[in-house]
Amino acid sequence: MQGCTKQMKHHEVVAAIIIDDDKILCVQRDHGKYDYISLKYEFPGGKIESGETKEQALQRELLEELDADIKIEREFLTVNHQYPDFSVTMHSFICTALNSTFNLKEHIAFKWLNPEKLSTLDWAEADIPIVSKLMKES
Ligand SMILES: Nc1nc2c([nH]c(=O)n2[C@H]2C[C@H](O)[C@@H](COP(=O)(O)OP(=O)(O)OP(=O)(O)O)O2)c(=O)[nH]1
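Numbering of residues starts from 1 in every chain and runs along the sequence as written. Given that the model is predicted, a residue must reach a pLDDT of at least 70 before its local features are reported, and side-chain atom pairs must reach 80 or more before they are shown or counted; all residues, however, enter totals for whole chains, interfaces and linings.

Applied cut-off: UniProt positions are given in the numbering used here, feature names are shortened, and annotations may be inferred rather than shown by experiment.
Per an unreviewed UniProt entry, the protein goes by the name 8-oxo-dGTP diphosphatase and belongs to Methanolobus mangrovi. As stated in UniProt under Cofactor (unreviewed entry), the record for the protein gives "Mg(2+)". Its UniProt record, at the heading Catalytic activity (unreviewed entry), says of the protein: "8-oxo-dGTP + H2O = 8-oxo-dGMP + diphosphate + H(+)".

See the structure below:
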């Protein structure tokens with residue numbers, strides 16, 4: 001009998017590390033389909049759509065999620081992570097916000113933290129290498 005293997009989904013994701021006055025914006029995900037990322041902290045961003053560059057995807061996601069207009073300063077770290085039901089390649093970028101206010105349209109909470117305090121939050125697993133690098137470089 002022919003084996004039936006289910007191809008695991010893969011997502012290309014972009015995430016913004018927004019720095020203002022030495023503090024970093026951390027946002028909390030809502031409850032969702034998967035427990036292991038529900039209510040976890042993450043960096044704002046999302047999936048790259050077809051035809052978009054990483055930078056275009058990041059600008060679009062930040063407007064959609066936070067009404068935030070951002071300046072992308074530089075690429076920071078790309079992480080490959082396997083969750084139980086899908087895998088992600090997440091490209092993170094150091095950014096600054098061009099407007100001083102934002103609205104949480106999808107997330108349930110936010111915190112501005114100094115890098116050394118980042119480990120006090122419960123992060124999505126894929127974010128751990130990014131958080132560690134930010135803490136090491138602070
Ligand atoms: N934006 C973001 N996503 C992250 C981070 N860490 C992490 O594991 N992810 C995962 C969670 C999601 O499975 C995926 C991003 O998808 P999403 O659901 O936030 O993106 P989206 O806004 O395009 O969502 P949708 O339209 O498909 O609902 O990457 C992170 O720091 N930021």
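That was the structure; now back to the text.
### Some points on the overall build of the protein
The following threshold applies: Helix and strand definitions here come from DSSP, where helices need a minimum of 4 consecutive H or I residues and strands a minimum of 2 consecutive E residues; each element is numbered from the N-terminal end. All radius of gyration figures rest on C-alpha atoms, and the globule criterion is 2.2 Å times the number of residues raised to 0.38.
Looking only at helices and strands, one finds 2 helices and 7 strands in the protein. In sequence order, the protein lays out its α and β elements as β-β-β-β-α-β-β-β-α. Its C-alpha radius of gyration of 15 Å places the protein within 12% of the 14 Å reference for a compact globule of 138 residues. Taking the principal axes of the C-alpha coordinates as reference, the protein spans close to 60 × 35 × 25 Å.

### A short note on the pairing of strand β6 (residues 86-97)
As a general feature of sheets, a regular strand has side chains that alternate between the two faces. Applicable threshold: In short, DSSP must find at least two bridges between two strands for them to pair.
In the sheet, strand β1 (residues 9-20) pairs with β6 via 10 bridges, with the strands oriented parallel. What sits directly across from Ile-17, in β6, is Ile-94. Relative to β6, strand β5 (residues 70-82) runs antiparallel, the two being bridged by 11 bridges. If you follow Leu-77 over to β6, its bridge partner there is Ser-92.

### What to know about the site of the ligand
Basically, it comes down to this: We call a residue near a molecule or strand when its C-beta atom, built from the backbone, sits within 6 Å of it. The nonpolar class holds Ala, Val, Leu, Ile, Met, Phe, Trp, Tyr, Cys and Pro. Asp, Glu, Lys and Arg form the charged class, and all remaining residues, Gly among them, are polar.
Residues in contact with the ligand amount to 15 residues; listed here are only the nearest, Glu-42, Gly-45, Gly-46, Lys-47 and Ala-126. Of all the secondary structure elements, the ones that give two or more residues to the shell around the ligand are β1, β4 (45-47) and β6. Among the residues making up the shell around the ligand, the classes are represented as 8 nonpolar, 3 polar and 4 charged.

### Things to note about helix α2 (residues 128-137)
Along an α-helix, residues three or four positions apart point the same way, because every turn accommodates 3.6 residues. Stated formally: Partly exposed residues are those whose C-beta has more than 12 but fewer than 20 other C-beta atoms within 10 Å; 20 or more makes a residue buried and 12 or fewer makes it exposed, with C-beta atoms placed from the backbone. Within this analysis, the arc is defined by the directions that extend from the helix axis to the C-beta atoms.
Within α2 the residues assigned to the buried category are Ile-130, Val-131 and Leu-134. Along α2, the residues classed as buried sweep out an arc of 100° about the axis, all on the same side.

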